[in-house]
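This is what each chain is made of:
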Amino acid sequence: GALRFHISERHAIGVRGFAYRNQGTDLETSVQRDLQVVPERTDLRYEGQLAWSYSPIDGKFSYFGLGIAYYDIYLQLGGGVIGTFNSELLPAALAGIGGRVYLTRWLALELEVDDTIYSEPYRSETHIMQNVVVSLCAAVYMPFSPKYRGSR
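Below, the structure is looked at part by part. What you see is a predicted model; the values in this text were computed from it and never measured.

Our focus in this paragraph is the packing of aromatic side chains. Tallied over the full model, the rule gives 4 aromatic pairs. Taken together, a centroid distance of 6.2 Å and an interplanar angle of 10° make the contact between Trp52 and Tyr54 stacked. Here Trp52 falls in the partly exposed class, since its relative accessible area comes to 37%. The ring of Phe85 carries the charged tip of Arg45 above its face, separated from the ring centre by 5.8 Å.

As structure tokens, then:
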């Protein structure tokens, strides 16, 4: 999930968090048991970041002559922590890109691609890891009936 505060039309700051549910497969268990190997790997448990987003592109389009939809494309940078089964808290960096199509004044559909980069210490050596997340979600804007103020 994410919670953002829009400072202006183009800039927002926010917090994000994910919790992961990881399950081993039967194939993974059988390879480890039969070959007696345990690969140096780990699964994610959670991650949380503080993020800044900037929207350099926005506009509107008409859909099938029924109405006009507004959109924007944004870039996202941030930092935070990630937890794996090997390590409790690791520093992490975030970079991403996303787009929103506004369905109403208070509801938007978002498509986002984010890359969380962190350094995972294994027994043999430390590796730089990446966790790429593609998400499709609904964004709800409050207040539901905004009052706009124009310049005088």
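The strand order β1-β2-β3-β4-β5-β6-β7 describes an open sheet built from 7 strands, whose pairing is antiparallel. Two strands lie at the open edges of the sheet, namely β1 (2-6) and β7 (126-140), each paired on one side alone. Neighbour-to-neighbour, the strand axes of the sheet open up by a mean angle of 20°, direction not taken into account. Pairing of strand β2 (residues 11-19) with strand β3 (residues 44-63) involves 9 bridges; the strand directions are antiparallel. Within β3, the residue paired with Gly17 across the bridge is Gly48.

Turning our eyes to something else, we now look at the environment of Gly99. Topologically, Gly99 is positioned in strand β5 (residues 90-102). For Gly99, a relative accessible area of 21% translates into the label partly exposed. Residues Gly99 and Ile73 lie 26 residues apart in sequence; the distance between their C-alpha atoms is 4.2 Å.

Moving on, we come to the pattern of salt bridges. Summed over the entire model, instances satisfying the criterion amount to 8 salt bridges. In this structure, the salt-bridge partner of Glu88 is Arg45, at a minimum N-O distance of 2.9 Å. Of this pair, Glu88 sits in the loop between β4 (67-84) and β5 while Arg45 sits in strand β3; the two residues are 43 residues apart in sequence, bridging distant segments of the chain. Judged by relative accessible area, Glu88 falls into the partly exposed class, the value being 46%. Judged by its relative accessible area of 27%, Arg45 falls in the partly exposed class. The structure contains a network of salt bridges with shared partners spanning Arg4, Arg16, Asp72, Arg100, Glu110, Glu112 and Asp114.

One can find Gly78 in strand β4. Overall, the relative accessible area of 23% leaves Gly78 in the partly exposed class. For the pair Gly78 and Leu94, spaced 16 residues apart in sequence, the C-alpha separation works out to 4.8 Å. Discounting chain neighbours no more than four positions away, the residues touching Gly78 are Leu50, Ala51, Ala93 and Leu94.

Another point: the pairing of β5. Summarising the sheet, β4 and β5 pair through 13 bridges and their orientation is antiparallel. Bridged to Gln76 within β5 is Gly96. The antiparallel hairpin formed by β4 and β5 contains 5 residues in its connecting segment. Alignment of β5 against strand β6 (residues 107-121), held across 11 bridges, turns out to be antiparallel.

As for its placement among the helices and strands, Gln49 is situated in strand β3. Exposure remark for Gln49: the relative accessible area of 3% places this residue in the buried category. A distance of 2.6 Å separates polar atoms of two side chains, one belonging to Gln49 and the other to Glu47. Other than its neighbours up to four places away in sequence, Gln49 contacts Gly14, Val15, Arg16, Gly79, Gly80, Leu94 and Thr116.

Rules used in this analysis
Residues numbered from 1 in each chain as written. Predicted model: local features only at pLDDT ≥ 70, side-chain atom pairs only at ≥ 80, totals over all residues. Heavy atoms only, no water. Phe/Tyr/Trp six-rings, centres within 6.5 Å; stacked < 30°, edge-to-face > 60°. Buried < 20%, exposed > 50% of the residue type's maximum accessible area, 1.4 Å probe, protein only. Lys NZ or Arg CZ within 6 Å of the ring centre and 35° of its normal. Pairing = 2+ DSSP bridges. Helix = DSSP H or I, 4+ residues; strand = E, 2+ residues; numbered from the N terminus. Axes fitted to C-alpha atoms, helices over the stretch in contact; angles between N-to-C directions. Salt bridge = Lys/Arg side-chain N within 4 Å of Asp/Glu carboxyl O. Contact = heavy atoms within 4.5 Å. Polar contact = N/O pair within 3.5 Å; in protein donor to acceptor, adjacent residues only side chain to side chain.

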